[in-house]
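# Structural features, examined
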Amino acid sequence: VNLVHLFAFSTHPFTMTTPTTFWRLAGMTYVQYVSRASSAVRGALKEPSKSKALQNEKFNFNSSVWESGVQGKKVIKESAI
Amino acid sequence: HKYHSRVTFFYLRLFVRSLFIGYLPVHKESNMLAFRRVASTQRKAVANVLARSFSDEATNITLNFAMPHGALYENEEVELVRLTSCAGEYGVTAGHTPNVSQLAPGLAMVYKNKDDEPEKFFVSGGFAFMHPNSVLDVAAVEAVSLDDLDPKIVEAQLSDARAALAAAAADSVEAAEAQIEVEVNTAMASALGLSA
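Criteria and thresholds
- Residues numbered from 1 in each chain as written.
- Chains lettered and ligands numbered in written order.
- Predicted model: local features only at pLDDT ≥ 70, side-chain atom pairs only at ≥ 80, totals over all residues.
- Heavy atoms only, no water.
- Contact = heavy atoms within 4.5 Å.
- Buried area = accessible area lost by both parts, 1.4 Å probe.
- Salt bridge = Lys/Arg side-chain N within 4 Å of Asp/Glu carboxyl O.
- Phe/Tyr/Trp six-rings, centres within 6.5 Å; stacked < 30°, edge-to-face > 60°.
- Helix = DSSP H or I, 4+ residues; strand = E, 2+ residues; numbered from the N terminus.
- Buried < 20%, exposed > 50% of the residue type's maximum accessible area, 1.4 Å probe, protein only.
- Pairing = 2+ DSSP bridges.

## Section: the interface of chain B and chain A
Taken residue by residue, the interface counts 28 residues in chain B and 19 residues in chain A. Regarding the contact of chain B and chain A, the summed buried area is about 2,100 Å², with carbon and sulfur atoms giving 64% of it. Between the two partners, chain B and chain A, sit two salt bridges. Of the charged contacts, one joins B:Glu142 and A:Arg42 as a salt bridge, the two residues approaching to 2.5 Å between their closest N and O atoms.

Here it is in structure tokens:
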């Protein structure tokens, strides 16, 4: 059995054989996990620190899907703030 | 004469071999000394590192405590830093073994002097790197001082998160998200001294 092919077509980011964190098992990456934890901390702040800290949650980026070597339509993704 | 030519040829071979003896790699005395010289410099390097680890000269660590959006401490000389890692709480002083640790949601305390009151920060997560030259880099995603945390919001978030965790299906993404909230709010509540 070619394990490389098995892994390449698996949608899971890693094999589930090793014991690991609950967020990894749920399909989250470390960055996603720590971003959620940081959101929880920022939500618990008092004003005025809270509105200043919520600026850290802003994001703004372009994304496009490439298919067969052709770039698709660009989509701007922005945070709600 | 045949016998004479064999004898002379034998002595000729001996003579030719004697010409090459000085250039062939053999276990000569000088080679062994070179090996011992290299080994002793390596031993001296190890001894230097050990001496630095156990020396009394450096009493402070140089602390760099930063977040993506700014630094709390930059090249600050402090005596003790207490951190909360996924493997448990630990304190760092000068000469600590170099290591990398993943920070868990919890308190980080900076003691300028060991006898003074520390500056307390609640860290949401990140990594701490201790270097051999007593430099400590703490890379936190969010580190807030305890005075900035609102206990009422923490309690409300904690009860909401517990309810969400109970309601979510096991091993689902919602359960994982709720569990993150429960863990972080529990850590904040204990840092603020709130009960249960």
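## A look at the packing of aromatic side chains
Residue and element names in this part refer to chain A. This model, assessed by the stated rule, comprises eight aromatic pairs over all chains. Ring plane angle 10° and centroid distance 4.9 Å describe the contact between Trp23 and Tyr33, whose orientation is recorded as stacked. Within this pair, whereas Trp23 is found in helix 2 (residues 22–25), its partner Tyr33 is found in helix 3 (residues 30–43), the two being separated by 10 residues in sequence. Overall, Tyr33 belongs to the buried group, its relative accessible area being 8%.

## Observations concerning the pairing of strand 6 (residues 106–111) of chain B
Residue and element names in this part refer to chain B. With six of six residues buried, strand 6 is to be regarded as a mostly interior element. Here three bridges tie strand 3 (residues 80–85) to strand 6, and the two strands are oriented antiparallel to one another. Its bridge partner being in strand 6, Leu80 is matched across the sheet by Tyr111. Across five bridges, the pairing between strand 6 and strand 7 (residues 119–123) is antiparallel. Following the sheet pairing, Ala108 is matched in strand 7 by Phe121.

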